[in-house]
Amino acid sequence: MHAPLQRRPAGPIRDQTEDQKVYTVQPQTLATSPTPSATTRPHILIVDDNADAADTLGTYLQLSGYEVTIATDPYAALNLARELRPQVCVLDIGLPGMNGNVLAENLRRLPDTSGAVLIALTGYGQAYDKQRSLGAGFDHYFVKPVNPGSIKDLIDRMP
């Protein structure tokens, strides 16, 4: 039904363990769905240390016609952001080593991702958590578990 996920090296920042996976998913078009224009669809970077959750969201967005890159390590994600210049970044907050708020602040400092749409996808649901994330540079905030269609709908509405 869709192409297997392609793994990419994490880059030079730190060694990669088996649970720190990075891969790019090319958009797939089902025979019954219209072909999306690759030039009008944003590239999406998903960063979540829960590989199953990242895979699920990534596959859903891939089947919806988006090009998706997934990283389970925030340091690898910074390298990928410099290289790929994603227009949308979906970030978990509870990441090991560098939390999602710090990652968002770093993405806002990079010239190629300073204007990217940053979406927090987190298990932290208190008002304080949301305010802290919005202050770190996130544009949108979702509390897990979330219907992947909600994130897709948000991205679909982007200009």
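Residues numbered from 1 in each chain as written. Predicted model: local features only at pLDDT ≥ 70, side-chain atom pairs only at ≥ 80, totals over all residues. Heavy atoms only, no water.

### Some remarks on the UniProt feature "modified residue: 4-aspartylphosphate" (unreviewed entry) in the protein
Part 1 of the argument: Look at the UniProt record and you will see "modified residue: 4-aspartylphosphate" (unreviewed entry) annotated at Asp 92.
Part 2 of the argument: Relative to the helices and strands, Asp 92 resides in the loop between strand S5 (88-91) and helix H3 (100-109).
Part 3 of the argument: With relative accessibility at 6%, the residue Asp 92 sits in the buried group.
Part 4 of the argument: Apart from residues no more than four positions distant in its own chain, Asp 92 is found in contact with Val 47, Asp 48, Asp 49, Gly 100, Leu 121, Thr 122 and Lys 144.
Part 5 of the argument: Of the polar contacts made by the side chain of Asp 92, one reaches the backbone nitrogen of Gly 94; its length is 3.5 Å. (UniProt positions renumbered as here; feature names shortened; annotations may be inferred. Helix = DSSP H or I, 4+ residues; strand = E, 2+ residues; numbered from the N terminus. Buried < 20%, exposed > 50% of the residue type's maximum accessible area, 1.4 Å probe, protein only. Contact = heavy atoms within 4.5 Å. Polar contact = N/O pair within 3.5 Å; in protein donor to acceptor, adjacent residues only side chain to side chain.)

### Thoughts on the pairing of strand S6 (residues 117-122)
Strand residues, when the strand is regular, have side chains that alternate between the two faces of the sheet.
Part 1 of the argument: For S6, the buried fraction is high: six of the six residues fall into the buried class.
Part 2 of the argument: Burial along S6 is two-sided: Val 117, Ile 119 and Leu 121 facing one way and Leu 118, Ala 120 and Thr 122 facing the other are all buried.
Part 3 of the argument: Where the polypeptide runs from S5 across H3 and back to S6, its parallel neighbour, the crossover connection is right-handed.
Part 4 of the argument: In this fold, the crossover linking S6 to strand S7 (residues 140-143) by way of helix H4 (residues 127-136) has right-handed handedness. (Right-handed = clockwise from strand over helix to strand, strands pointing away.)

### Description of the nonpolar core
Part 1 of the argument: Counting residues in hydrophobic clusters, the biggest one holds 21 residues, and the most contacted among them are Leu 45, Val 47, Leu 91, Leu 103, Leu 107, Leu 118 and Phe 138.
Part 2 of the argument: For this core, the elements supplying multiple residues, two or more each, are strand S3 (44-47), helix H2 (74-84), S5, H3 and S6.
Part 3 of the argument: If one sorts the elements of this core by residue count, H2 sits on top with four residues.
Part 4 of the argument: Contact partners of Leu 118, with chain neighbours within four places excluded, come to Cys 89, Ala 104, Leu 107, Arg 108, Gly 137, Phe 138, Asp 139 and His 140.
Part 5 of the argument: In this structure, Ile 46, Tyr 66, Val 90 and Ile 119 belong to the second largest nonpolar core, which totals 17 residues. (Core = buried A, V, L, I, M, F, W, Y, C linked by side-chain atoms within 4.5 Å.)

### Quick notes on the pattern of salt bridges
Part 1 of the argument: Counted under the stated rule, the structure contains six salt bridges.
Part 2 of the argument: Across the pair Arg 41 and Asp 156 runs a salt bridge whose closest N-O atoms are separated by 3.7 Å. Of the two residues, Arg 41 sits in the loop between strand S2 (22-25) and S3 while Asp 156 sits in helix H5 (residues 148-156), which places them 115 residues apart along the sequence.
Part 3 of the argument: Put simply, Arg 85 and Asp 112 hold a salt bridge, and the shortest N to O gap is 3.0 Å. (Salt bridge = Lys/Arg side-chain N within 4 Å of Asp/Glu carboxyl O.)

### Quick look at the packing of H2 against H3
Part 1 of the argument: Two elements in contact, H2 and H3, have axes separated by 11 Å at closest approach and are oriented at 15°. With respect to their mutual orientation, H2 and H3 come out roughly parallel. Crossing of H2 over H3 shows right-handed handedness. Contact residues: H2 offers Pro 74, Ala 77, Leu 78 and Ala 81, while H3 offers Leu 103, Asn 106 and Leu 107.
Part 2 of the argument: Here the contact of H2 with H3 is built from residues that sort into six nonpolar, one polar and no charged. (Axes fitted to C-alpha atoms, helices over the stretch in contact; angles between N-to-C directions. Parallel < 35°, antiparallel > 145°, perpendicular 65-115°, else oblique. Left-handed = near helix turned anticlockwise from the far one by under 90°. Nonpolar A, V, L, I, M, F, W, Y, C, P; charged D, E, K, R; others polar.)

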